[in-house]
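As a plain string of letters, each chain reads:
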Amino acid sequence: MPTLIAALSLAGLLKIAHLGLPPWHLAFWFAALLMAAMFQVMPMPLALLNGAGSFLASWLYFYLLDVTDTVMDRFMHYFVLAVGMVLLLGSRLFIDIKYYQIGL
């Protein structure tokens, strides 16, 4: 479930990022959506810690996308876009496997 929420919210936030919102704003909403999905499965302190980690990871992701969005850094921009998305969604998949007992 968190992987699906992460994938859909990340895709939506990447579309909204073109409006010129600051990276911390996008990261806040990403973390808020994931924390809301985690409150039923994890203990509250662990869900809050997970939300803080999601905020920091997604802030770095959106910040690097913003910094590399130039004509000269086009390869790095797409590299950050692809690798960052895989890492963010991979961490959510790990949580799906660990807390929701979803097998591969």
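Residues numbered from 1 in each chain as written. Predicted model: local features only at pLDDT ≥ 70, side-chain atom pairs only at ≥ 80, totals over all residues. Heavy atoms only, no water.

A. Here's a closer look at the packing of helix H2 (residues 23–38) against helix H3 (residues 44–67). Running from N to C, H2 and H3 point in directions that differ by 150 degrees, and their axes come no closer than 8 Å. Comparing their axes, H3 and H2 come out roughly antiparallel. In this structure, H2 meets H3 at a crossing whose hand is right-handed. Across the interface between the two elements, Pro23, Trp24, Leu26, Ala27, Phe28, Phe30, Ala31, Leu34, Met35 and Met38 from H2 touch Ala47, Leu48, Asn50, Gly51, Ser54, Phe55, Ser58, Trp59, Phe62, Tyr63 and Asp66 from H3. (Axes fitted to C-alpha atoms, helices over the stretch in contact; angles between N-to-C directions. Helix = DSSP H or I, 4+ residues; strand = E, 2+ residues; numbered from the N terminus. Parallel < 35°, antiparallel > 145°, perpendicular 65-115°, else oblique. Left-handed = near helix turned anticlockwise from the far one by under 90°. Contact = heavy atoms within 4.5 Å.)

B. Focus on a nonpolar patch on the surface. Taken together, Trp24, Phe28, Trp29, Trp59, Leu60, Tyr63, Leu64 and Val67 make up a surface patch of nonpolar side chains, about 790 Å² in accessible area. For the nonpolar patch, the secondary-structure elements that each account for two or more residues are H2 and H3. The element best represented in the nonpolar patch is H3, accounting for five residues. Examined against the element boundaries, valine 67 turns out to sit in helix H3. Taking the relative accessible area as the measure of exposure, valine 67 reaches 43% and is therefore partly exposed. (Patch = residues over 30% accessible without salt bridge, like charges linked within 9 Å, V, L, I, M, F, W, Y side chains within 5 Å. Areas by Shrake-Rupley, 256 points an atom, 1.4 Å probe, with all protein chains shown as cover. Salt bridge = Lys/Arg side-chain N within 4 Å of Asp/Glu carboxyl O. Buried < 20%, exposed > 50% of the residue type's maximum accessible area, 1.4 Å probe, protein only.)

C. Representation of the side chain of histidine 77 within the structure. Checked against the element boundaries, histidine 77 lands in helix H4 (residues 74–99). Residue classification places histidine 77 among the buried residues on the basis of a relative accessible area of 12%. Of note is the side chain of histidine 77, whose polar atom sits 3.3 Å from the backbone oxygen of leucine 65. Side chain to side chain, histidine 77 and threonine 68 meet in a polar contact 3.3 Å long. (Polar contact = N/O pair within 3.5 Å; in protein donor to acceptor, adjacent residues only side chain to side chain.)

D. Spotlight on the environment of isoleucine 16. Mapped onto the fold, isoleucine 16 is located in helix H1 (residues 2–16). Between the alpha carbons of isoleucine 16 and leucine 81 there is a distance of 15 Å; along the sequence they are 65 residues apart. Aside from chain neighbours lying at most four places away, what touches isoleucine 16 is Leu21 and Leu26.

E. Spatial organisation of the nonpolar core. Counting twelve residues, the largest nonpolar core consists of Ala6, Leu10, Leu13, Leu14, Leu26, Phe30, Leu34, Tyr61, Phe62, Leu65, Val80 and Leu88. Going through the elements one at a time, H1, H2, H3 and H4 are the ones with two or more residues in this core. The element contributing the most residues to this core is H1, with four residues. Apart from the residues within four sequence positions on either side, leucine 13 is in contact with Leu26, Trp29, Phe30 and Phe62. (Core = buried A, V, L, I, M, F, W, Y, C linked by side-chain atoms within 4.5 Å.)

F. Looking closely at the environment of serine 91. Mapped onto the elements of the fold, serine 91 is located in helix H4. Owing to a relative accessible area of 28%, serine 91 belongs among the partly exposed residues under this scheme. Looking at serine 91, its side chain comes within polar contact range of the main-chain oxygen of leucine 88, at 2.8 Å.

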